[in-house]
Amino acid sequence: MRRRQVLRALTALGLVGLPLPALARTGVERVRMSVDGDTTRLVFDMDGDAEYSMFKLESPDRLVVDIKNARAVDELKLSSNPRSVVESIRHAPRDGGDLRVVFDLRKPIEPRSFKLMPAQDSPHRLVLDLTSREGAPTQSAREESRDNGEPRRGRSQEDLRDVVVAIDAGHGGHDPGAIGPGGTREKDVVLQISKRLAERVDNERGMKAVMIRTGDYFLPLRERIERAREADADVFMSIHADAIANRNVQGSSVYMLSERGASSEAARFLAQRENQADLRLGGVPINGKDDSLTNVLLDLAQSGSLEASNTLAERMISELHRVGKVRKPEVERANFAVLRSPDVPSILVEAAFISNPSEERKLRSTDFQNSLADALLTGLRSYFSTHARPGTLIADGQPDQHIIRPGETLSGIADRYSLSLADLRSANDVSDDRIYAGQVLRIPRDS
Ligand SMILES: [Zn+2]
């Protein structure tokens with residue numbers, strides 16, 4: 001064909017000279033909002049990459065985001081949250097092919113933004129962090145607050161985020177969970193273990209904990225899932241303690257959701273019991289009329305999330321072996337409602353059998369709680385070393401440095417960064433373990 005004919009054919013197909021057909025535009029599927037202190041995070045989920053620009057307007061304060069060659073797949077909505085700097089959202093097509101989104105703000109903000117490529121079950125995302133101006137830390141303040149012995153981060157790493165670990169202490173409030181022969185309540189010990197784990201996660205470079213339940217109150221399963229999603233959690237861990245009529249049974253187990261039902265009869269009974277609190281206590285009836293949750297659950301048939309859950313569960317089991325008896329060496333699959341988060345790899349850890357008198361005592365002991373939390377942290381490190389999503393400090397962090405503080409050991413530092421001692425030695429040309437406070441170590445990061 002001659003050039004002119006080619007052009008005519010392409011024009012006929014709508015590929016040249018005409019506005020692109022709606023299907024070729026990037027679909028903005030939804031916008032999610034979460035609030036962390038002074039910062040409101042907005043995440044656009046999109047079915048493809050898109051260029052964008054944004055600017056602020058004053059009196060009243062607004063943020064305008066133009067997404068090039070895009071359309072809203074559905075009405076973009078935000079639930080109202082008084083802690084958010086965003087009051088409301090509006091959107092409209094613009095210039096034929098673009099999508100303009102306007103956020104009405106409660107106060108002046110400083111916006112930051114970045115895009116994230118698809119990873120596992122997450123689509124293309126555009127992330128906006130809006131920090132209220134009075135709360136916006138200056139660069140030096142931010143560096144300083146980070147400077148508790150942690151490696152200093154270069155400016156280029158500023159946009160890298162921490163992976164978020166949602167920690168869900170089971171039961172709570174009027175739902176005590178299982179009760180041990182000595183009267184220990186599951187809801188109390190799992191909250192203690194969860195807090196110990198959260199503390200460790202928060203001290204870990206590149207990780208952040210979100211506690212789903214922080215005190216002794218009841219939360220419906222659905223709300224637990226929602227809280228994890230609001231926090232943009234990378235993984236969801238529900239912590240429980242097992243109980244069974246036979247008091248001799250002991251050990252820990254790790255479960256993940258199975259879309260095809262339980263892997264064993266025991267897993268099925270357990271799932272029934274753990275789900276029951278919610279059914280009985282006025283939570284969302286899983287098999288009842290509220291189909292919206294059921295629909296969400298169907299989305300779960302995303303094998304990526306299940307695969308990631310399985311890896312997470314396996315890494316946890318291999319760590320739990322170091323702390324005590326693991327009841328079954330393999331990952332158990334069960335139909336726990338609390339694990340039905342459609343896009344967050346999720347596991348449920350039964351720390352031990354509260355129905356076994358000696359394990360009940362262990363569950364109460366600080367030593368056991370600490371070593372359990374240590375094991376779970378190591379499992380998380382192991383998981384994220386291969387599964388951290390792009391855009392996180394763990395996945396994309398540059399080679400870093402560590403300033404040695406008094407009392408630190410080379411092996412402790414290697415452990416903290418999930419490195420072998422040999423790798424740390426060779427990266428720093430150190431042949432023995434003699435180090436001194438103030439010495440700067442290079443932390444190698446392979447990708
Ligand atoms: Zn439980």
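In this report, the structure presented in the accompanying data block is examined.

**Some points on the overall build of the protein chain**
Secondary structure summary: the protein chain contains 12 helices and 17 strands in total. Here the protein chain holds 447 residues, and 47% of them are scored as buried. Taking all contacts inside the protein chain whose residues are at least 6 apart in sequence as the whole, residues at least 24 apart take part in 71%. Split by element, the accessible area of the protein chain, about 21400 Å² in all, is 49% carbon and sulfur.

**Quick word on the side chain of D45**
On the secondary structure map, D45 appears in strand 2 (residues 39–46). A polar contact is formed between the side chain of D45 and the side chain of R30, at a distance of 2.8 Å. Setting aside residues no more than four positions away along its own chain, D45 makes contact with G27, V28, E29, R30, R32, P123, H124 and R125.

**Quick word on the sheet that holds strand 4 (residues 62–67)**
Pairing in this open sheet of four strands is antiparallel, and the strands run 3-4-7-6 from one edge to the other. The open sheet is flanked by strand 3 (52–57) and strand 6 (86–94), the only strands paired with a single partner. Ignoring which end each strand starts from, the neighbouring axes of this sheet average 15° apart. Examined bridge by bridge, strand 6 and strand 7 (residues 98–105) share eight bridges and lie antiparallel to one another. Its bridge partner being in strand 7, R94 is matched across the sheet by D98.

**Let's talk about the packing of aromatic side chains**
Taken as a whole and assessed by the stated rule, the structure comprises two aromatic pairs. Aromatic side chains Y383 and F384 sit 5.1 Å apart centroid to centroid with 70° between the ring planes, which places their arrangement in the edge-to-face category. Note on accessibility: Y383 and F384 belong to one class, buried.

**Focus on the packing of helix 8 (residues 357–364) against helix 9 (residues 366–387)**
Interaxial distance between helix 8 and helix 9 falls to 5 Å at its minimum, and their mutual angle equals 75°. Relative to helix 9, the element helix 8 is oriented roughly perpendicular. Residues K362, L363 and R364 of helix 8 form the contact with helix 9, whose participating residues are T366, F368 and Q369. Taken together, the residues that form the contact of helix 8 with helix 9 break down as two nonpolar, two polar and two charged.

**Observations regarding the pattern of salt bridges**
Scanning all chains against the criterion turns up 16 salt bridges. The partner of R389 in a salt bridge is D234, with the nearest N and O atoms 3.3 Å apart. One end of the pair, R389, is in the loop between helix 9 and helix 10 (393–396); the other, D234, is in the loop between helix 4 (221–230) and strand 12 (235–242), with 155 residues separating them in the sequence. Under the relative-accessibility criterion, D234 is labelled buried at 3%. Each member of the salt-bridge network shares a partner with another, and the members are R30, R32, D45 and D232.

**Section: the environment of P357**
Residue position: P357 is located in helix 8. In this structure the C-alpha to C-alpha distance between P357 and P181, which are 176 residues apart in sequence, comes to 6.4 Å. In contact with P357, not counting residues within four places along its chain, are P181 and R247.

Definitions and cut-offs
Residues numbered from 1 in each chain as written. Predicted model: local features only at pLDDT ≥ 70, side-chain atom pairs only at ≥ 80, totals over all residues. Heavy atoms only, no water. Helix = DSSP H or I, 4+ residues; strand = E, 2+ residues; numbered from the N terminus. Buried < 20%, exposed > 50% of the residue type's maximum accessible area, 1.4 Å probe, protein only. Contact = heavy atoms within 4.5 Å. Areas by Shrake-Rupley, 256 points an atom, 1.4 Å probe, with all protein chains shown as cover. Polar contact = N/O pair within 3.5 Å; in protein donor to acceptor, adjacent residues only side chain to side chain. Pairing = 2+ DSSP bridges. Axes fitted to C-alpha atoms, helices over the stretch in contact; angles between N-to-C directions. Phe/Tyr/Trp six-rings, centres within 6.5 Å; stacked < 30°, edge-to-face > 60°. Parallel < 35°, antiparallel > 145°, perpendicular 65-115°, else oblique. Nonpolar A, V, L, I, M, F, W, Y, C, P; charged D, E, K, R; others polar. Salt bridge = Lys/Arg side-chain N within 4 Å of Asp/Glu carboxyl O.

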